[in-house]
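For reference, the chains in residue letters:
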Amino acid sequence: MRKLYLVAAFCICSVALTAASNPFLGTWKLSPAKSKGTSGTMSKEETVVFESDGNGVKRTVTGIDADGQKINMSATIPWDGKEHKVDGPMGPAMVAVKSVNDHTINLTVKVNDKVVTSGRVVTSKDGKTMTGSFKGEDPKGRKIDNVEVYDKQ
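Residues numbered from 1 in each chain as written. Predicted model: local features only at pLDDT ≥ 70, side-chain atom pairs only at ≥ 80, totals over all residues. Heavy atoms only, no water.

### As for the overall build of the chain
Then, in step 1: Counting its regular elements, the chain contains 1 helix and 10 strands.
Then, in step 2: In the chain, the succession of α and β elements from N to C terminus is α-β-β-β-β-β-β-β-β-β-β.
Then, in step 3: Sorting the 153 residues of the chain into buried and exposed places 33% on the buried side.
Then, in step 4: For the chain, the proportion of contacts with a sequence separation of at least 24, taken over those separated by at least 6, is 32%.
Then, in step 5: Surface exposure of the chain reaches about 9500 Å², of which carbon and sulfur atoms provide 55%. (Helix = DSSP H or I, 4+ residues; strand = E, 2+ residues; numbered from the N terminus. Buried < 20%, exposed > 50% of the residue type's maximum accessible area, 1.4 Å probe, protein only. Contact = heavy atoms within 4.5 Å. Areas by Shrake-Rupley, 256 points an atom, 1.4 Å probe, with all protein chains shown as cover.)

So, in structure tokens, the structure goes:
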């Protein structure tokens with residue numbers, strides 16, 4: 001019985017340490033002044049919250065999009081590089097997030113087996129800034145080539 005408790009304690013500590021060492025976790029607010037991209041496709045306001053959720057990472061996004069519409073999305077997927085189904089603004093999509101290193105992830109979004117957006121997100125070494133570079137299409141089919149800069153809250 002004692003071994004079972006030790007194994008359980010080890011697992012709990014491992015999850016806590018992994019969560020603590022993930023610089024993406026927390027609340028991030030878009031800085032429109034520091035961001036740049038295709039005219040008419042950048043969000044006016046955006047807050048992104050990353051939370052550890054079992055074997056995955058929960059991403060919740062709220063704000064106001066480029067057209068003045070409210071944004072309210074949430075999905076949990078593992079960052080294992082494999083495609084996972086999510087419901088997004090374009091409808092059902094397949095999203096793959098791959099951790100490149102402690103501070104970098106790559107992502108791909110497919111709709112109907114077509115890559116619609118791909119990008120890379122990097123957190124600064126000091127953990128205060130997150131920068132996402134994205135190319136492809138927005139939910140309305142407009143071409144994007146955007147660099148979005150977020151400040152840790």
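There is more to say after this.
### Side note on the layout of surface pockets
Then, in step 1: Approximately 1200 Å³ is the volume attributed to the largest pocket.
Then, in step 2: Lining the largest pocket are 48 residues, with R59, V61, M73, P89 and V109 sitting closest to its centre.
Then, in step 3: In terms of residue count, the dominant contributor to the lining of the largest pocket is strand 4 (residues 70–77) (7 residues).
Then, in step 4: When grouped by side-chain class, the residues that make up the lining of the largest pocket number 26 nonpolar, 11 polar and 11 charged. (1 Å grid on protein atoms, 1.4 Å probe; cavity = no way out; pocket = protein on both sides within 12 Å on 5 of 7 lines; lining within 4 Å. Points joined across faces, edges and corners; volume = space filled by probe spheres on them. Nonpolar A, V, L, I, M, F, W, Y, C, P; charged D, E, K, R; others polar.)

### Re the pairing of strand 8 (residues 114–123)
Then, in step 1: Two strands pair when backbone bridges link them, and strand 7 (residues 104–111) and strand 8 are joined in this way by 8 bridges, in the antiparallel orientation. Counterpart to I105 in the pairing with strand 8 is V121.
Then, in step 2: Between strand 7 and strand 8, which follow one another and run antiparallel, lie 2 residues, and N112 among them has a positive phi close to 55°.
Then, in step 3: Hairpin geometry of strand 8 and strand 9 (residues 129–137) is characterised by an intervening segment of 5 residues between the two adjacent antiparallel strands and by a positive phi of about 75° at G127. (Pairing = 2+ DSSP bridges.)

### Some thoughts on the environment of D145
Then, in step 1: Tracing the sequence through the fold places D145 in strand 10 (residues 143–152).
Then, in step 2: D145 sits in the partly exposed class, given a relative accessible area of 44%.
Then, in step 3: A C-alpha to C-alpha distance of 9.5 Å links D145 and S39, two positions 106 residues apart in sequence.
Then, in step 4: Non-local contacts of D145, meaning those with residues more than four positions away in its chain, are made with K36, G37, T38, F134 and K135.

As far as function goes, none of this settles anything; it's purely spatial.
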